Amino acid sequence: MTGKSAIALARDVDRGLAILRTEHDNFRKEFERTQVSQLRERLAVMEESLARFEKLLDELKHVLVLEDRVNKLEKHHEEAGKRSWQFVFIAVGAGCAVVGGVAVQLITYLLKK
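Keep in mind that this is a model prediction, so the values were computed, not measured. (Residues numbered from 1 in each chain as written. Predicted model: local features only at pLDDT ≥ 70, side-chain atom pairs only at ≥ 80, totals over all residues. Heavy atoms only, no water.)

Visitor: Is there a simple way to explain a nonpolar patch on the surface in this structure?
Guide: On the surface, a cluster of nonpolar side chains totalling about 580 Å² of accessible area is made up of W85, F87, V88, F89 and V92. Turning to its location among the elements, F89 is positioned in helix 1 (residues 3-112). On the basis of relative accessible area, F89 is assigned to the exposed category, the value being 59%. (Patch = residues over 30% accessible without salt bridge, like charges linked within 9 Å, V, L, I, M, F, W, Y side chains within 5 Å. Areas by Shrake-Rupley, 256 points an atom, 1.4 Å probe, with all protein chains shown as cover. Salt bridge = Lys/Arg side-chain N within 4 Å of Asp/Glu carboxyl O. Helix = DSSP H or I, 4+ residues; strand = E, 2+ residues; numbered from the N terminus. Buried < 20%, exposed > 50% of the residue type's maximum accessible area, 1.4 Å probe, protein only.)

What follows is the structure in structure tokens.
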């Protein structure tokens, strides 16, 4: 190998190395863009999932509120049932008191005659 061919070979190697470095840099940039793009896609999917979970949480809170209302209505119904029996007992007692009072007055009236 002669000096000129060695110099030419060195230049070719330098050019090839510069081309490889440029291609490497371009590849790295493309790889980073691809990664960022994939990360953006993943982020979009995660945001959709988060939105679904937040909606589900709101629905669960609404269900809990409805369940609480149902429990309160059931308690109110039970108490109303107990009170209606109390009303029946009071009405029967009042009726008995009226009948008893009328009977006493009738007996006293008949005894006075």
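Still more ground to cover, so stick around.
Visitor: Please explain the packing of aromatic side chains as it appears in this structure.
Guide: Aromatic rings considered in pairs are described by the distance between their centres and by the relative angle of their planes. Applying the stated criterion across every chain yields a total of one aromatic pair. Measuring from ring centre to ring centre gives 6.5 Å for F27 and F31, while their planes differ by 20°; the resulting arrangement is stacked. Within this pair, F27 and its partner F31 are both found in helix 1, separated by four residues, close to a single helical turn. (Phe/Tyr/Trp six-rings, centres within 6.5 Å; stacked < 30°, edge-to-face > 60°.)

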